[in-house]
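Each chain, letter by letter, is given below.
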There are 2 protein chains.
Amino acid sequence: MTLAELPSMDVASRASALRSGFEEAGIDALLVTRLPNVRYLTGFTGSAGMLLVGPDELVFVTDGRYAEQAADQLGAAGIEARVEIGVTQAAQRDALQGAAAGIARLGLEAHGVTWAQQREFASEWFTNAELVPTLQLVEQRRLVKEAAEVARIAAACAIADEALAVVAPRLPDGPAEREVALWLELEMRQRGASGVSFDPIVASGPNGAKPHARPSNRRIEPGELLVLDFGCVVDGYCSDMTRTVSVGDPGASGSRLYDVVRAAQQAGREAVRAGVACADVDRACREVVEAAGLGDAFVHATGHGVGLEIHEAPRVAATARDTLAAGSVVTVEPGVYVRGVGGVRIEDTVVVLPAGNDDGCQPLTAFPKDLVL
Amino acid sequence: MTLAELPSMDVASRASALRSGFEEAGIDALLVTRLPNVRYLTGFTGSAGMLLVGPDELVFVTDGRYAEQAADQLGAAGIEARVEIGVTQAAQRDALQGAAAGIARLGLEAHGVTWAQQREFASEWFTNAELVPTLQLVEQRRLVKEAAEVARIAAACAIADEALAVVAPRLPDGPAEREVALWLELEMRQRGASGVSFDPIVASGPNGAKPHARPSNRRIEPGELLVLDFGCVVDGYCSDMTRTVSVGDPGASGSRLYDVVRAAQQAGREAVRAGVACADVDRACREVVEAAGLGDAFVHATGHGVGLEIHEAPRVAATARDTLAAGSVVTVEPGVYVRGVGGVRIEDTVVVLPAGNDDGCQPLTAFPKDLVL
């Protein structure tokens, strides 16, 4: 499938689906302030905008920079909304005050407003409404991806696969980490990605001991573990993949770390299935690492949801309470890190399949998992 | 000055300077949660970490991914802090609870915590303390840049200048907007920038009517106005510059828009001076645009501060209350936008000079302002 053939999304139906949860949440309307949620509900991609989902209407407020873009994007998505352009904060306040005038219980995304905003909303913007903190109302809708959303994530994953296929053969030349990061980004963009989903991690040798190392000027040496963690964005949707490789033989200790993480990642992937607790996927990975005596070196959670955000619900962690649903897209990415030596992490982005399939999930990232280049 | 010669910053003295404002803010300690502020006070560049600035000690809390990086970066900056690694949220809570045990009035950055966090802090983390909302405490310290900070911004500005000098001669070939954006980014990175300070805006012809357009596959045509707004990051510090150019003669109406904005930008730059109200700089720009009958087409503020964040204090806007101080770094970027036709924006990043200089400010971006290529 080329990027031009991506199936269209049914953005316009999402707000009414969201409204069906208002009664349970104890609200009459929701002011959507988290930008990924605004995008999900309207198609708007700008950096500033708020959406009031009222009982009967949608009111979208943004500033003068986005007047034209808002009209274009909401129109293209088929959103029937009143679009209010407020060049100043005061004008935006007035527009939302008017729109919220009759609303008794106004939901605010508690993770999507700062404490300062909430205080200002309560004391100046919405003095007649009860402000109700809501958690994850839109995120819960986003948890299960439509097929057209999965297609975008899959396209982003395929681009990342292709980029690594081009870049991996250049690693024996001994490039600097920063060069490799730039190559990956370039290859992904040239294949139609709008950008990276996060700054690529290219961590060689001892740098790999930092799970989130930034690419440095260090050159890649033969026999070292090299962690490559990167992804891109296609039509707003992210991909995420990690591979660990070595130019030549990494020696017995490196190979052993690799084998443990690879087995853990396999166990995690096999545990992913509709109806399974996220915590159980984490446990499946962690047990393999712990059995190898490396439990203390696995210093992060097993994975996270991927979609319009590179990190979104559900968390795949020991303390997570979510259960996997068909259509959820998550990463499975165990890793071990040894200070002064290096690290190994292996990660796929997978989509949870409907119950009744032999496999619980379908990997969307597919680059081979060979340690030695 | 090469990037290797950047002067070192005195990060270690910043926390005690910050403490001197605690009494006026009515707090005994401040929990710093905004990441640019954490970086400013510690040198830590990771994506997760909190700093408790207590009366006598600093406690830095992050998660397992950043154990090594935190030790390295705080050590390199000469920060004497207790570093606590909490692999789980609960472990981080316990570490901060212990550190904040004796504190009566704990400041929370009201713009740096979500409402959800504040509610959790109040009900579970810091039940014995009074949580006091603070605004801009660290940002006010960051408002006046040290010479070593200005050197970094200047280096980022110089790299952007050089990138445009390489890319501008290629514009007559008719590249797509996306290609131009990628070239600018590449040239900046190859000169040592760690990345872009924001996704470059390359908006040709009618696309220029959207102040924050995203680069498209549209090719650049002769005689059109082309808005190029871009910047990069050097050691965490941002640059920001906009130029508007035309391949060949843009015609009388395009030239007129350009001349108005250029005069407005000049007026704005000349208004920048230590002790001048930011609102007066905005007015100086806006009066020129209004006198030309284009006031309604200038749909945004005149500028913003630049530093560790691409948008930071002070705002240079009609409603701003800040006054410029020597050492502040701000943009001056008037623009006009005409739907269906296009836009013109011209922007420099400037540093406010100490009183007594003939000039009120020194531009850090220096690329020439010729409309016609």
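This structure is a prediction, so every number in the text was calculated from the model and none was measured. (Residues numbered from 1 in each chain as written. Chains lettered and ligands numbered in written order. Predicted model: local features only at pLDDT ≥ 70, side-chain atom pairs only at ≥ 80, totals over all residues. Heavy atoms only, no water.)

Here the focus is the sheet that holds strand 5 (residues 105-109) of chain B. Residues and elements named next belong to chain B. Strand order across the open sheet formed by 6 strands is 4-3-2-1-5-6, with mixed pairing between neighbours. The two strands at the open ends of the sheet, each matched to only one other strand, are strand 4 (82-85) and strand 6 (130-134). Shown here is a sheet whose adjacent strand axes are inclined to one another by a mean of 20 degrees, direction ignored. (Pairing = 2+ DSSP bridges. Helix = DSSP H or I, 4+ residues; strand = E, 2+ residues; numbered from the N terminus. Axes fitted to C-alpha atoms, helices over the stretch in contact; angles between N-to-C directions.)

Our focus in this paragraph is the confidence of the model for chain A. With 99% of its residues at a pLDDT of 70 or more, chain A has an overall mean of 95. Listed scores for the predicted complex are pTM 0.87 and ipTM 0.86. (pLDDT = per-residue confidence, 0-100.)

Our focus in this paragraph is the interface of chain B and chain A. Each partner contributes to the interface: chain B provides 39 residues, whereas chain A provides 38 residues. Together chain B and chain A conceal approximately 3600 Å² of surface at their shared face, both sides included; 58% is due to carbon and sulfur atoms. Area buried by chain B at its contact with chain A is led by Arg65(B), Glu68(B) and Trp115(B), which between them contribute 22% of it. Between the two partners, chain B and chain A, sit 8 salt bridges. (Contact = heavy atoms within 4.5 Å. Buried area = accessible area lost by both parts, 1.4 Å probe. Salt bridge = Lys/Arg side-chain N within 4 Å of Asp/Glu carboxyl O.)

Inspection of the secondary structure assignment puts Ser328(A) in the loop between strand 14 (312-316) and strand 15 (329-332). For Ser328(A), the residues in contact, after removing those within four places along its chain, are Leu143(A), Val350(A), Val351(A) and Val352(A).

Moving on to the pairing of strand 17 (residues 342-345) of chain A. All names here are of chain A. Burial along strand 17 is two-sided: Gly 342 and Val 344 facing one way and Gly 343 and Arg 345 facing the other are all buried. Where strand 16 (residues 335-338) and strand 17 come together, 4 bridges link them in antiparallel fashion. Across the sheet, the residue bridging to Tyr 337 is Gly 343, located in strand 17. Between strand 16 and strand 17, which pair antiparallel and follow one another directly, the connecting turn spans 3 residues, one of which, Gly 340, has a positive phi of 85 degrees. (Buried < 20%, exposed > 50% of the residue type's maximum accessible area, 1.4 Å probe, protein only.)

With that settled, the discussion passes to the sheet that holds strand 12 (residues 241-246) of chain A. All names here are of chain A. Read across the open sheet, the 3 strands follow the order 8-9-12; overall the sheet is antiparallel. A single partner strand is all that each edge strand has here, and the edge strands are strand 8 (201-204) and strand 12. Between one strand axis and the next, the sheet turns through 10 degrees on average, direction left out of account. Contacts between helix 9 (residues 177-190) and the sheet are confined to strand 8 and strand 9 (225-230), with strand 8 contributing the most and set at about 150 degrees to the helix.

Laying chain B over chain A is done by rotating through 180 degrees and shifting 0.0 Å along the axis; what remains is an RMSD of 0.0 Å. Seen this way, the second copy is the image of the first under a two-fold rotation axis. (Least-squares fit on C-alpha atoms with pLDDT ≥ 70 in both.)

Here the focus is the domain arrangement of chain A. Residues and elements named next belong to chain A. As assigned here, chain A comprises domain 1 (3-142) and domain 2 (147-363). On the domain 2 side, the residues contacting the 13 residues of domain 1 number 17 residues. Contact between domain 1 and domain 2 buries roughly 1200 Å² in total, counting both sides, with carbon and sulfur atoms accounting for 59%. Taken as a group, Leu 3, Met 9 and Arg 142 account for 42% of the area that domain 1 buries against domain 2, more than any other trio of residues on that side. Counting the contacts that link domain 1 with domain 2 gives 4 salt bridges. Residues Glu 312 and Arg 142 are paired through a salt bridge, measuring 2.7 Å at the closest nitrogen-oxygen approach. Elements supplying a minimum of two residues to the side of domain 1 that touches domain 2: helix 3 (35-42) and helix 7 (137-142). Sorting elements by how many residues they give to the side of domain 1 that touches domain 2 places helix 3 first, with 3 residues. Taken together, the residues of the side of domain 1 that touches domain 2 sort by class into 6 nonpolar, 3 polar and 4 charged. (Domains from an automatic or database assignment. Nonpolar A, V, L, I, M, F, W, Y, C, P; charged D, E, K, R; others polar.)

Further remarks concern the packing of aromatic side chains. Enumeration according to the criterion identifies 10 aromatic pairs over all chains in this entry. Pairwise contacts between aromatic rings join Phe44(A), Phe60(A) and Tyr66(A) into one cluster. In this structure, Arg170(B) packs its charged tip against the face of Trp183(B), placed 4.9 Å from the ring centre. Between Arg286(B) and the ring centre of Phe298(B), over which it is positioned, the NZ or CZ distance is 4.0 Å. (Phe/Tyr/Trp six-rings, centres within 6.5 Å; stacked < 30°, edge-to-face > 60°. Lys NZ or Arg CZ within 6 Å of the ring centre and 35° of its normal.)

Okay, the side chain of Glu309(A) next. Residues and elements named next belong to chain A. You can see Glu 309 is positioned in the loop between strand 13 (303-305) and strand 14. At a separation of 3.0 Å, a polar atom in the side chain of Glu 309 contacts the side chain of Arg 142. What Glu 309 contacts, discounting residues up to four positions off in sequence, is Arg 34, Pro 36, Arg 142 and Cys 238. (Polar contact = N/O pair within 3.5 Å; in protein donor to acceptor, adjacent residues only side chain to side chain.)

Residue and element names in this part refer to chain B. All told, the structure shown has 0 disulfides over all chains when counted by the stated rule. This cysteine, Cys 232, is not joined by any disulfide, and Cys 157 carries the nearest cysteine sulfur, 7.7 Å off. No disulfide involves Cys 285; its sulfur sits 11 Å from the nearest other cysteine sulfur, which is in Cys 361. Since its relative accessible area comes to 0%, Cys 285 is described here as buried. (Disulfide = S-S within 2.5 Å.)

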